[in-house]
Amino acid sequence: MNILLLGSGGRESALAWKISQSKSCSKLFIAPGNGGTDSYGENVAISPLDFDAIKQFCNQNSIEMIVVGNEDPLVAGIWDYFQSTDILVVGPSKAGAALEGSKDFAKAFMTRHAIPTAAYRSFTADTVAEGEAFLRSLKAPYVLKADGLAAGKGVLIIDNIDQACASLREMLGGMFGASSATVVIEEFLSGIECSVFVLTDGNGGYRVLPVAKDYKRIGEGDTGPNTGGMGAVSPVVFANDEFMQKVTSRIIEPTIKGLKEEGITYRGFIFLGLINVGGEPMVIEYNVRMGDPETEAVMLRIDSDLVPLLKAAAEGNLGDLPLEISKQAAVTVMVVSGGYPGSYPKGKAITLPAASESILFHAGTRREAEQLVTSGGRVISVSSKADTVEEALKLSFATAEAIEFEGKYFRHDIGADLLRLANDDK
Ligand code: AMP
Ligand code: GLY
């Protein structure tokens with residue numbers, strides 16, 4: 001079948017890499033793609049939010065399935081838009097995408113279905129005084145979240161109560177535009193996070209993909225501002241059988257059952273952002289897509305052909321299709337532009353190593369004539385697979401070292417916390 005993949009980041013590079021290996025994929029197109037995705041398929045200059053242009057392209061190129069990399073088209077209703085066509089879309093309906101598009105909806109959904117998550121309340125400009133009173137009833141640190149999509153920047157964690165109250169007012173006053181017209185305030189949870197990815201067919205069938213941990217802060221030792229993600233490791237030592245059993249029975253199954261009970265069609269990836277609170281998994285957030293950069297590690301550990309699984313999920317019947325997961329470890333180290341996640345220069349010439357044992361998933365690159373240049377904060381995701389996390393990390397760090405462009409930065413401590421945990425367990 002011909003497939004159209006939407007997006008332009010490292011996640012889409014990894015999805016394109018995996019999809020292009022499928023016996024079931026005749027032609028792969030990536031819209032808009034980046035300076036590296038053209039090695040797996042053909043880049044097409046269409047915005048993932050321009051549904052009319054996407055439909056026209058699909059009709060002209062006999063596309064049978066659309067795989068959506070980023071959340072915006074899903075939240076904007078791409079699944080619903082293509083309902084009137086024969087084209088399959090891997091993803092939730094617009095109603096399902098609200099699990100990511102509205103934190104207030106997600107929290108209320110979890111409450112309705114008794115899914116473990118931090119206690120919370122939501123406030124608007126009309127209820128700001130109640131919001132302040134609620135903040136004062138909680139213990140520091142204070143967690144404030146913009147209800148809507150805010151490109152990963154809409155969460156503030158603040159130690160000081162007066163500052164938290166001031167930030168609540170600023171958020172409700174438009175700090176994140178319309179996204180923070182409603183603010184969710186929640187209890188702070190303490191623990192280690194991990195990302196669990198589920199592919200569901202909306203009819204009770206699902207597969208759990210390899211679990212990964214990502215590293216959100218820019219600085220080593222988890223310091224400095226949040227980024228889109230500086231690296232990822234899979235597997236995650238604490239996500240053992242016992243923990244995953246709890247995740248399945250308390251979170252995955254109630255989520256899938258809850259969606260069905262509420263009449264919400266969901267045929268795609270559910271990304272559970274979890275936190276391990278003393279051995280008990282709790283949900284920090286839902287996303288309705290794969291994670292970036294987790295996908296750049298997770299795809300390396302999927303041994304099965306992904307396309308039949310995607311197609312079956314989109315058709316609503318995963319049946320007994322196998323999902324084989326490699327016992328090896330995979331990691332990714334994100335090489336970023338100096339200055340990121342603040343302002344950074346673009347257009348810096350990139351030199352890639354002539355040979356490497358890693359896979360280079362382009363994230364923020366583009367080609368200027370024959371020269372590869374930087375075009376984003378996260379530039380290249382350096383992914384490696386080996387028998388152990390430690391060996392895979394060594395490969396990725398060596399390759400990241402060998403990539404050259406002015407201002408290059410990467411974290412040298414990706415996975416260090418998990419290696420320490422694994423050693424403590426011995
Ligand atoms: P979110 O966008 O909801 O994933 O939040 C971004 C990050 O903020 C998460 O990955 C956590 O590290 C942190 N965070 C969010 N909610 C909480 C919470 N209730 N307790 C502790 N940390 C949180
Ligand atoms: N890595 C976290 C995310 O994709 O949201």
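Relevant structure appears above.
Residues numbered from 1 in each chain as written. Chains lettered and ligands numbered in written order. Predicted model: local features only at pLDDT ≥ 70, side-chain atom pairs only at ≥ 80, totals over all residues. Heavy atoms only, no water.

Visitor: What am I meant to see in the overall build of the chain here?
Guide: Looking only at helices and strands, the chain features 13 helices and 23 strands. By the compact-globule yardstick of 22 Å for 426 residues, the chain fits well, its C-alpha radius of gyration being 21 Å. With the principal axes as the frame, the chain shows a C-alpha extent of 60 × 50 × 45 Å. Per-residue burial over the chain gives 56% buried out of 426 residues. Within the chain, residue pairs in contact and separated by at least 24 positions form 67% of the contacts whose partners lie at least 6 positions apart. Placing the 39 positive and 54 negative side-chain charges of the chain at their respective mean positions leaves the two points 1 Å apart. (Helix = DSSP H or I, 4+ residues; strand = E, 2+ residues; numbered from the N terminus. Rg over C-alpha atoms; globule rule 2.2 N^0.38 Å. Buried < 20%, exposed > 50% of the residue type's maximum accessible area, 1.4 Å probe, protein only. Contact = heavy atoms within 4.5 Å. Lys, Arg positive; Asp, Glu negative; His and termini not counted. Charge placed at Lys NZ, Arg CZ, Asp CG, Glu CD.)

Visitor: Just to check I follow, could you spell out the site of ligand 1 for this structure?
Guide: Taken together, 14 residues lie near ligand 1, and Glu-186, Glu-187, Leu-189, Glu-193 and Glu-285 sit nearest. Contacts to ligand 1 include Lys-103, whose side-chain N or O atom sits 3.2 Å from an oxygen atom. Burial of ligand 1 by the surrounding chains reaches 90%, relative to a free accessible area of 470 Å². Looking at the shell around ligand 1, the elements with two or more residues in it are β7 (142-146), β8 (155-158) and β18 (280-287). (Near = heavy atom within 4 Å. Polar contact = N/O pair within 3.5 Å; in protein donor to acceptor, adjacent residues only side chain to side chain. Areas by Shrake-Rupley, 256 points an atom, 1.4 Å probe, with all protein chains shown as cover.)

Visitor: It is not clear to me how the site of ligand 2 should be interpreted in this structure. Could you clarify?
Guide: Near ligand 2, the surroundings consist of Asp-214, Gly-228, Phe-271, Asn-287, Arg-289, Gly-291, Asp-292, Pro-293 and Glu-294. Between ligand 2 and the protein, one listed contact pairs a nitrogen atom with a side-chain N or O atom of Asp-214 at 2.7 Å. Interatomic distance of 2.7 Å between a side-chain N/O atom of Glu-294 and a nitrogen atom of ligand 2. Isolated, ligand 2 exposes 200 Å² of accessible area, and the fraction of that covered by the protein chains is 88%. Looking at the shell around ligand 2 residue by residue, the classes come out as two nonpolar, three polar and four charged. (Nonpolar A, V, L, I, M, F, W, Y, C, P; charged D, E, K, R; others polar.)

Visitor: What is the right way to read the sheet that holds strand β5 (residues 88-92) from this model?
Guide: Sheet strands pair via backbone hydrogen bonds, and the direction of the pair is either parallel or antiparallel. Pairing within the open sheet is mixed, and its six strands lie in the order β3-β2-β1-β4-β5-β16. Each having just a single partner strand, β3 (42-43) and β16 (266-267) make up the two edges of the open sheet. Set on the sheet, helix α1 (residues 10-20) makes contact with β1 (2-7), β2 (27-32) and β4 (63-68); between it and β1 the angle comes to about 170°. Contacting β1, β4, β5 and β16, helix α11 (residues 306-315) crosses the sheet at an angle of about 75° to β5. (Pairing = 2+ DSSP bridges. Axes fitted to C-alpha atoms, helices over the stretch in contact; angles between N-to-C directions.)

Visitor: How should I be thinking about the nonpolar core in this particular structure?
Guide: In summary, soluble globular proteins display a tendency toward joint burial of nonpolar side chains. Leu-4, Ile-54, Ile-66, Ile-78, Val-196, Leu-272 and Tyr-286 are the most contacted members of the largest nonpolar core, which totals 76 residues. Considering each element in turn, this core owes the most residues, seven residues, to helix α9 (residues 241-261). If we ignore the near neighbours within four places in the chain, the residues touching Ile-78 are Leu-6, Pro-48, Phe-51, Ile-54, Val-68, Pro-73 and Val-89. (Core = buried A, V, L, I, M, F, W, Y, C linked by side-chain atoms within 4.5 Å.)

Visitor: Quick question: what am I supposed to make of the side chain of Thr-255 here?
Guide: For Thr-255, the location among the structural elements is in helix α9. With a relative accessible area of 1%, Thr-255 lands in the buried category.

Visitor: What is the right way to read the packing of helix α5 (residues 94-101) against helix α6 (residues 103-112) from this model?
Guide: Helix-helix packing is described using two parameters, namely the angle between the two axes and the distance between the axes. Between α5 and α6, the least distance of the axes is 6 Å, while the angle of their chain directions is 100°. With respect to their mutual orientation, α5 and α6 come out roughly perpendicular. For the pair α5 and α6, the contacting residues are Ala-95, Ala-98, Leu-99 and Gly-101 in the first and Lys-103, Phe-105, Ala-106 and Phe-109 in the second. Tallied by class, residues from the contact of α5 with α6 come to six nonpolar, one polar and one charged. (Parallel < 35°, antiparallel > 145°, perpendicular 65-115°, else oblique.)

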